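Tertiary structure, described
In case you want the letters, here they are:
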Amino acid sequence: MGWKDMKLRAKLQSGFGALALVVLVVSVGATTALSRANDRFVDYVGEVGKDIELASALQGAASRRALAVRDMVISDDPKVTQDLAETAGREHAATQTALANLKSLVMQRGDGDEKDRALVTEIDRIESQYGAVALAIVKLAAAGQRDEAARKINTECKPLLQALVKAVNAYLHHESANTSLRIDESQTLFQQERALLISGAVLAIAGALWLGWWLGNGLSRPLQRAIAVAEAVAAGDLGSDVVVDRADETGQLMAALQKMNGGLLQMVVQIRQSADSISTASREIATGNQDLSSRTEHQASALQETAASMQQMTGTVQQTAESSRQASQLAQAAVEVVVQQGLGGAADHLRGQRGGHQPIRSMISGRTGGATSAMLHPPSSSASAAGTRSGVSV
């Protein structure tokens, strides 16, 4: 499973685990450096300081032994001589003990050099000679042979004492030089270890910063892509290319956005198709309404023409009826005049003429009743036109 396919929790745990490992490495390095510095200090105190202390103790004991031997030679008091003899013996034992401890320390030291061992061997050689001479002088002084003891001091004891002091000083000088070298070496090691620790700390900080940047980019970039897709969808752009290239939570989010984008695009296509269908149906309905309006306007024009024809025919019928009425009134007046004058034959003749006008009156009444019925029940355009022509002919 690659890094892109890891879950966010696993990524964070891995990142902090790596950071903890870096801190552990730096801590172990610092602890190791402190341990080495402590070992060097213990070595200096336990070995380097100890051998200088033993050499100084050896030199002091030898000097005090030489003073005790000299004082025995020049002392006349037997009691003082006895005490000096005991002091010389005690200091001789201290010298031997310090020399034995120094030899053991130098010979067993792991980091000692050959010069240390050679100097200690030279000190042991001189002390073996000087110790024997010192004890011999003590015996001579105790026996009262002061002249022999004084001669032995001058001829044997002093040269050996000087050689012993010189050998011990050479050892002390050599150890002081070694101590300075060790101090310089310790300083160099300290500086190296400090530089190493600083480098480790800097690398740890750089690694932590890089790890934070890496984890931040690994988490923020997919989220930024998801935000860009969401903003594009919110702006109405459904043509964004949603790439799913990981299996973590951000990859799952991108997959969900991809499905949402596809679903919205399909929904928009369906809505567009429905809108096109509705638009087509609306155009068809508008066309049908226009046709219906045209037919309605045509029917209204025909009705207006029919009404105009009916009005013209009604006026003609009324005029004809008025003329018949006037003719009837004239005929009635004429009859009355004849009757009043006693013209019987003329009256009958006029009554006959009057009776001859009854068919005309009946015809006019029939036309008037037909026109009134036509006004109440309008006929078709052709029938109205025919009726009009018939009325005009009568």
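Below, the structure is looked at part by part. On a predicted model such as this, the values are computed, not experimentally measured, just so you know.

Some thoughts on the overall build of the protein chain
In terms of helices and strands, the protein chain carries eight helices and zero strands. For the protein chain, the succession of helices and strands along the chain, N to C, is α-α-α-α-α-α-α-α. Within the protein chain, the proportion of its 394 residues that are buried is 25%. Counting contacts in the protein chain only where the partners sit at least 6 residues apart, residues at least 24 apart contribute 77% of the total. By element, 61% of the accessible surface of the protein chain is carried by carbon and sulfur atoms, the whole surface being about 24800 Å².

Thoughts on helix α3 (residues 114-142)
In a regular helix each residue adds 1.5 Å, so 29 residues correspond to 42 Å; α3 covers 42 Å between its end C-alpha atoms and thus fits that length. Downstream of α3 by one or two residues, Gly-144 has phi in the positive range, about 90°.

Focus: the environment of Asn-169
Inspection of the secondary structure assignment puts Asn-169 in helix α4 (residues 146-234). Classification of Asn-169 as partly exposed rests on a relative accessible area of 36%. It is 8.8 Å that separates the C-alpha atoms of Asn-169 and Ser-56, two residues lying 113 residues apart in sequence. Among the polar contacts listed, one links the side chain of Asn-169 to the side chain of Gln-59, at a separation of 2.9 Å.

Some thoughts on the packing of α3 against α4
For the pair α3 and α4, the least separation of the axes is 9 Å and the interaxial angle reads 155°. Put simply, α3 runs roughly antiparallel to α4. Between α3 and α4 the crossing geometry is left-handed.

A closer look at α4
Helix length check: α4, at 89 residues, gives a terminal C-alpha distance of 123 Å against a target of 132 Å (1.5 Å per residue), a fit within 8%. Its maximal kink placed at Ile-153, α4 deviates by approximately 45°. At the C-terminal side of α4, Gly-236 shows a positive phi close to 100°.

A look at the side chain of Asn-178
Summarising the element assignment, Asn-178 is placed in helix α4. Among the polar contacts made by the side chain of Asn-178, one reaches the side chain of Asp-116 at a distance of 3.5 Å. Excluding its chain neighbours within four sequence positions, the residues that come into contact with Asn-178 are Asp-113 and Asp-116.

Focus: a nonpolar patch on the surface
A grouping of Leu-21, Leu-24, Val-25 and Val-28 is seen on the molecular surface, where their side chains present a nonpolar patch of about 380 Å² in accessible area. Checked against the element boundaries, Leu-24 lands in helix α1 (residues 8-74).

Things to note about the pattern of salt bridges
Considering all chains together, one arrives at ten salt bridges under this definition. Between Arg-125 and Glu-122 there is a salt bridge, with its nearest N and O atoms 2.5 Å apart. With Arg-125 and Glu-122 both in helix α3, this residue pair falls three residues apart, about one helical turn. Owing to a relative accessible area of 30%, Glu-122 belongs among the partly exposed residues under this scheme. In this structure, Arg-325 engages Glu-322 in a salt bridge whose closest nitrogen and oxygen atoms are separated by 2.0 Å. With a gap of three residues between them, Arg-325 and Glu-322 both fall in helix α5 (residues 249-341), about one helical turn apart.

A few points about the nonpolar core
With 38 residues, the main nonpolar core has Ile-123, Ile-137, Leu-164 and Tyr-171 as its most contacted residues. Elements represented by at least two residues in this core include exactly α1, α2 (78-108), α3 and α4. The element contributing the most residues to this core is α3, with eleven residues. Residue contacts for Ile-123: discarding those within four places in its chain leaves Leu-58, Leu-99, Leu-164, Ala-167, Val-168 and Tyr-171. Grouped together as the second largest cluster of nonpolar side chains are six residues, Ala-226, Val-233, Met-254 and Leu-257 included.

Analysis parameters
Residues numbered from 1 in each chain as written. Predicted model: local features only at pLDDT ≥ 70, side-chain atom pairs only at ≥ 80, totals over all residues. Heavy atoms only, no water. Helix = DSSP H or I, 4+ residues; strand = E, 2+ residues; numbered from the N terminus. Buried < 20%, exposed > 50% of the residue type's maximum accessible area, 1.4 Å probe, protein only. Contact = heavy atoms within 4.5 Å. Areas by Shrake-Rupley, 256 points an atom, 1.4 Å probe, with all protein chains shown as cover. Expected span 1.5 Å × (residues − 1). Polar contact = N/O pair within 3.5 Å; in protein donor to acceptor, adjacent residues only side chain to side chain. Axes fitted to C-alpha atoms, helices over the stretch in contact; angles between N-to-C directions. Parallel < 35°, antiparallel > 145°, perpendicular 65-115°, else oblique. Left-handed = near helix turned anticlockwise from the far one by under 90°. Bend = angle between axes of the 7 residues up to and from the residue. Patch = residues over 30% accessible without salt bridge, like charges linked within 9 Å, V, L, I, M, F, W, Y side chains within 5 Å. Salt bridge = Lys/Arg side-chain N within 4 Å of Asp/Glu carboxyl O. Core = buried A, V, L, I, M, F, W, Y, C linked by side-chain atoms within 4.5 Å.

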